[in-house]
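Architecture and fold: a report
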Amino acid sequence: VQTCALPILSPDDVTRAIQAVVPHWCDTYSWTDAALAERIRADGIDILVDLAGHTQGNRLGLFARRAAPIQITGIGYPATTGVPAMDYRLCDAITDPPDAEAWSTEALLRLDPGLHCYYPPAGSPDPSALPAARNGFLTFGSFNKLAKVSTPTIDLWSQVLRAFPDARLVLKSKPLVEEETCAAVRARFAKAGVAPERLSLSGWLAGDSEHMAAYQEIDIALDTFPYNGTTTTCEALWMGVPVLTLLGQGHAARVSASLLAAV
C-alpha cells in the first residue's frame with residue numbers, strides 16, 4: 001500500500017498523526033494538477049480518494065485527469081462531484097436512498113448502517129445535568145454555521161419558541177462576534193415573532209474544551225435544514241444533548257437522520 005497525501009494548508013496534530021502511521025508521505029500543496037497526476041501514476045496508486053468535493057482548495061482537476069484507475073469521493077462534500085472520472089461516492093442507505101442514483105454521476109457505495117465515524121476532541125468535559133432543571137425553562141441551541149440557518153429554519157425554530165413561551169435559543173457561530181451580524185439575526189427572528197431577549201448569540205470559542213462545554217447550557221439541539229449539521233450533530237450527542245432534525249431530500253438534508261439512526 002502506498003499513500004500520497006493531498007493538499008495540506010496548515011499541518012496540525014492530525015496531519016502529524018497520519019504522517020506517522022503511513023509508509024509514504026508527499027506534501028503536494030504547491031504542485032499543479034498535471035504534475036501531481038504524473039507523480040500518482042508513477043507511484044502506482046491503485047485507488048485515489050477525494051475528501052474535498054467542491055469545497056475550497058479542492059483538487060477535482062486532478063481527478064478529472066484520471067490520475068488513478070479507481071477514484072472515490074466522500075466525507076468532505078455532501079453531493080455528487082459531477083466529474084465523469086470519479087467512479088464512486090461514499091454514502092449510506094439513509095443519506096442516499098435507492099432513488100439517489102439519479103442525482104449522482106458516481107456509483108454509490110453505501111457503508112451501512114452508517115457512513116460516519118466520530119472521534120471527540122481531547123479534553124471534552126462530561127455532559128452536565130439537564131440545564132432546564134436549574135434554569136426553570138428549556139434552552140434550545142444550534143452551533144451550526146450561520147450560513148446554514150435558512151429562512152425556513154428560522155420560521156420553524158420560531159414556531160418551537162412560540163410553543164414554549166419561556167424557552168430560550170442559543171446560537172453559536174463564528175460570524176456572531178460581529179454586532180452588525182447579531183443585529184441582523186435578531187431582526188430575522190423578530191420578524192418571525194421571537195423577541196430579541198430570548199436569543200443568546202455567541203461567536204466561536206478558540207479551544208475545543210470551551211467549545212464542547214458550551215453544550216452544557218443546552219437542553220435540546222435544533223438542526224438546520226435543508227443543510228444539516230454533521231460534526232455539530234455528533235458533538236451534541238457526545239455531550240448528551242438530544243438533536244431534533246428533519247429528514248429532507250438529498251445527502252446534505254439527511255446526514256443528521258443517518259447519525260441519529262446509527263445512535
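For the structure given in this document, a descriptive report is provided here. (Residues numbered from 1 in each chain as written. Predicted model: local features only at pLDDT ≥ 70, side-chain atom pairs only at ≥ 80, totals over all residues. Heavy atoms only, no water.)

Now for the overall build of the chain. Summing up its helical and strand segments, the chain has nine helices and nine strands in all. In terms of overall dimensions, the chain has C-alpha extents of about 65 × 40 × 35 Å along its principal axes. Among the 263 residues that make up the chain, the fraction classed as buried is 41%. Within the chain, contacts between residues at least 6 apart in sequence are counted, and of these 58% link residues at least 24 apart. As displayed, the chain has an accessible area near 14000 Å², and 59% of this comes from carbon and sulfur atoms. (Helix = DSSP H or I, 4+ residues; strand = E, 2+ residues; numbered from the N terminus. Buried < 20%, exposed > 50% of the residue type's maximum accessible area, 1.4 Å probe, protein only. Contact = heavy atoms within 4.5 Å. Areas by Shrake-Rupley, 256 points an atom, 1.4 Å probe, with all protein chains shown as cover.)

Looking now at the pairing of strand β1 (residues 47-50). Burial of β1 is one-sided: the residues Leu48 and Asp50 facing one way are buried, the residues Ile47 and Val49 facing the other way are not. The sheet contact formed by β1 and strand β2 (residues 70-73) spans four bridges and is parallel. Following the sheet pairing, Asp50 is matched in β2 by Thr73. (Pairing = 2+ DSSP bridges.)

With that settled, consider the nonpolar core. Of all hydrophobic cores here, the largest spans 19 residues; its most connected members are Leu169, Leu171 and Phe189. Counting residues in each nonpolar core, the second largest holds 13 residues, with Ile40, Leu62, Phe63 and Ala85 among its members. (Core = buried A, V, L, I, M, F, W, Y, C linked by side-chain atoms within 4.5 Å.)

Let's shift gears to the layout of surface pockets. Gaps left between atoms are located by rolling a probe of water-molecule size over the structure's atoms. Of the pockets and cavities examined, the second largest pocket occupies roughly 270 Å³. As for the second largest pocket, its lining consists of 15 residues, and the residues nearest its centre are Ala100, Trp103, Gln249, Gly250 and His251. Residues belonging to the lining of the second largest pocket are distributed by class as follows: six nonpolar, five polar and four charged. (1 Å grid on protein atoms, 1.4 Å probe; cavity = no way out; pocket = protein on both sides within 12 Å on 5 of 7 lines; lining within 4 Å. Points joined across faces, edges and corners; volume = space filled by probe spheres on them. Nonpolar A, V, L, I, M, F, W, Y, C, P; charged D, E, K, R; others polar.)

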